[in-house]
Amino acid sequence: MDVIRGDGILLQEIDLAPENAYQEVIQNIAVILDLIQKSCPMFRDGGLPGELIGRPMNVVESILVGSIYDQIEELEPRAIIAGVTFEQDAMTGKMIPIIELEGVKDIE
């Protein structure tokens, strides 16, 4: 089981031709977690909702879990998600989504 953190580290070296579907799915999920909706031209609906910035962490966490599952189900249906958790820093208000990837479906 792989853990994908939404902190942008996986996107520092994007591979435009991943070796296999598993690496491709991991990279695609990392992109979904790093995008803010309406911030990317031609892909306005992709990513996490930006209107949650500044809201209480417990409210944001509840909304983000559903949003993350929906985005991954729609944009990367090959992913089998085991769980979504968050790493939180109450002092800075920073919340990093952490996805546990159980596997990848073979969709042809």
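See the structure printed just above.
These numbers come from a predicted model, not from an experiment.

## Section: the layout of surface pockets
Here is step 1: The computed volume of the largest pocket comes to approximately 480 Å³.
Here is step 2: Contributing to the lining of the largest pocket are 21 residues, with I53, V60, L64, G93 and M95 lying nearest its centre.
Here is step 3: Of all elements in the fold, only α1 (21-34), α2 (57-75) and β3 (94-104) reach the threshold of two or more residues within the lining of the largest pocket.
Here is step 4: It is β3 that contributes the most residues to the lining of the largest pocket, 4 residues altogether.
Here is step 5: Considered class by class, the residues forming the lining of the largest pocket number 13 nonpolar, 4 polar and 4 charged.
Here is step 6: Approximately 170 Å³ is the volume attributed to the second largest pocket.
Here is step 7: The element contributing the most residues to the lining of the second largest pocket is α1, with 3 residues.

## Some words on the environment of D7
Here is step 1: In this fold, D7 is placed in the loop between β1 (2-5) and α1.
Here is step 2: Since its relative accessible area comes to 27%, D7 is described here as partly exposed.
Here is step 3: As for D7 and I98, which are separated by 91 residues in sequence, their C-alpha atoms are 8.8 Å apart.
Here is step 4: Within polar-contact distance, the side chain of D7 engages the backbone nitrogen of I9 at 3.3 Å.

## Description of α1
Here is step 1: Helix length check: α1 (14 residues) gives 20 Å between terminal C-alpha atoms against 20 Å at 1.5 Å per residue, within 8%.
Here is step 2: Where α1 is buried, its residues meet β1, α2, β2 (79-89) and β3.
Here is step 3: The N-cap of α1, judged by a side-chain oxygen 3.2 Å from the amide nitrogen of Y22 a few residues on, is N20.

Conventions and cut-offs
- Here the residue numbering is sequential within each chain, running from 1 through the sequence in written order.
- Two thresholds apply to this predicted model, a pLDDT of at least 70 for residue-level local features and 80 or more for giving and counting side-chain atom pairs, whereas whole-chain, interface and lining totals are computed over all residues.
- Side-chain measures here rest on the full set of heavy atoms in the structure, leaving out hydrogens and waters.
- Here a cavity means grid points, on a 1 Å grid over the protein atoms only, where a 1.4 Å probe fits yet cannot get out; a pocket means an open set of points with protein on both sides within 12 Å along at least five of seven lines; lining residues are those with an atom within 4 Å of a point.
- Grid points are joined across faces, edges and corners, and a volume is the space filled by probe spheres set on the points.
- Secondary structure elements are taken from DSSP: a helix is a run of H or I of four residues or more, a strand is a run of E of two residues or more, and numbering for both begins at the N terminus.
- Polar here means any residue outside two lists: the nonpolar Ala, Val, Leu, Ile, Met, Phe, Trp, Tyr, Cys and Pro, and the charged Asp, Glu, Lys and Arg; Gly therefore counts as polar.
- Think of it in three bands: residues with accessible area under 20% of the maximum for their type are buried, residues over 50% are exposed, and the middle band is partly exposed, with areas taken using a 1.4 Å probe on protein chains only.
- In protein, a polar contact means a hydrogen-donor-capable atom and an acceptor-capable atom, both N or O and within 3.5 Å, with residues adjacent in sequence counting only if both atoms are side-chain atoms; elsewhere, any N or O pair within 3.5 Å suffices.
- Expected span, for any helix, means 1.5 Å times one less than how many residues it has.
- In what follows, residue pairs with any heavy atoms lying within 4.5 Å of each other are defined as contacts.

In short, shape yes, function no, at least from these values alone.
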